[in-house]
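# Coordinate analysis (summary)
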Amino acid sequence: MQRPVPKPSAETRAFWDAIEHDALTYQVCEACGKVATYPRGVCGHCHSTRLSMRPSSGRGVIKTWTRAHRAATPAFKDHLPYVIALVDLEEGFPVMTNVTGVYAGQVAIGDAVEVRVVDRGDGVKLLQAFAATGAMV
Ligand SMILES: [Zn+2]
């Protein structure tokens, strides 16, 4: 069974277009300087529509994580167990990502990580956290 694919909206289109080009971006309000937690058409702080996308370093810290032993949908059943993490990025916004490979067995709250764009193997690109050593684990 095919796993779900992202469905960009008008507000998230720029984010997903950047992902297709292997770049993680985030939205900033040009009027008040606040970072939007997810891309939107109007700033949640000052209601300005002067919003822009900026590149993220991908550097962050594991805020929390969990290991899924039951698939949310049948499409993920063959991938169990898998690790999902919430990462606070240094630019001031969180991203939900998965963790695979050797690092998935070692992940801990407070770990320094690098969030990168990866092809999950079926042509769909998503975010994945790696240990901040620079090694692909
Ligand atoms: Zn604003």
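Quantities reported herein were computed from a predicted structural model and do not represent experimental measurements.

### Notes on the domain arrangement of the protein
Assigned domains of the protein: these are domain 1 (7-55) and domain 2 (57-137). On a C-alpha basis, the centroid separation for the pair domain 1 and domain 2 is 21 Å. On the domain 2 side, the residues contacting the 13 residues of domain 1 number 12 residues. Taking both sides of the interface into account, the surface hidden between domain 1 and domain 2 amounts to around 980 Å²; carbon and sulfur atoms contribute 69%. Along the contact surface separating domain 1 from domain 2 lie one salt bridge. Across the pair Lys-125 and Asp-22 runs a salt bridge whose closest N-O atoms are separated by 3.0 Å. Our count for the contact surface shared by domain 1 and domain 2 stands at two residue pairs in polar contact (both at pLDDT 80 or more). Taken together, the elements giving at least two residues each to the side of domain 1 that touches domain 2 come down to α1 (13-20) and β1 (25-29). Here the side of domain 1 that touches domain 2 gets four residues from one element, more than from any other, and that element is α1. A class-by-class count of the residues in the side of domain 1 that touches domain 2 yields nine nonpolar, two polar and two charged.

Calculation criteria
Residues numbered from 1 in each chain as written. Predicted model: local features only at pLDDT ≥ 70, side-chain atom pairs only at ≥ 80, totals over all residues. Heavy atoms only, no water. Domains from an automatic or database assignment. Contact = heavy atoms within 4.5 Å. Buried area = accessible area lost by both parts, 1.4 Å probe. Salt bridge = Lys/Arg side-chain N within 4 Å of Asp/Glu carboxyl O. Polar contact = N/O pair within 3.5 Å; in protein donor to acceptor, adjacent residues only side chain to side chain. Helix = DSSP H or I, 4+ residues; strand = E, 2+ residues; numbered from the N terminus. Nonpolar A, V, L, I, M, F, W, Y, C, P; charged D, E, K, R; others polar.

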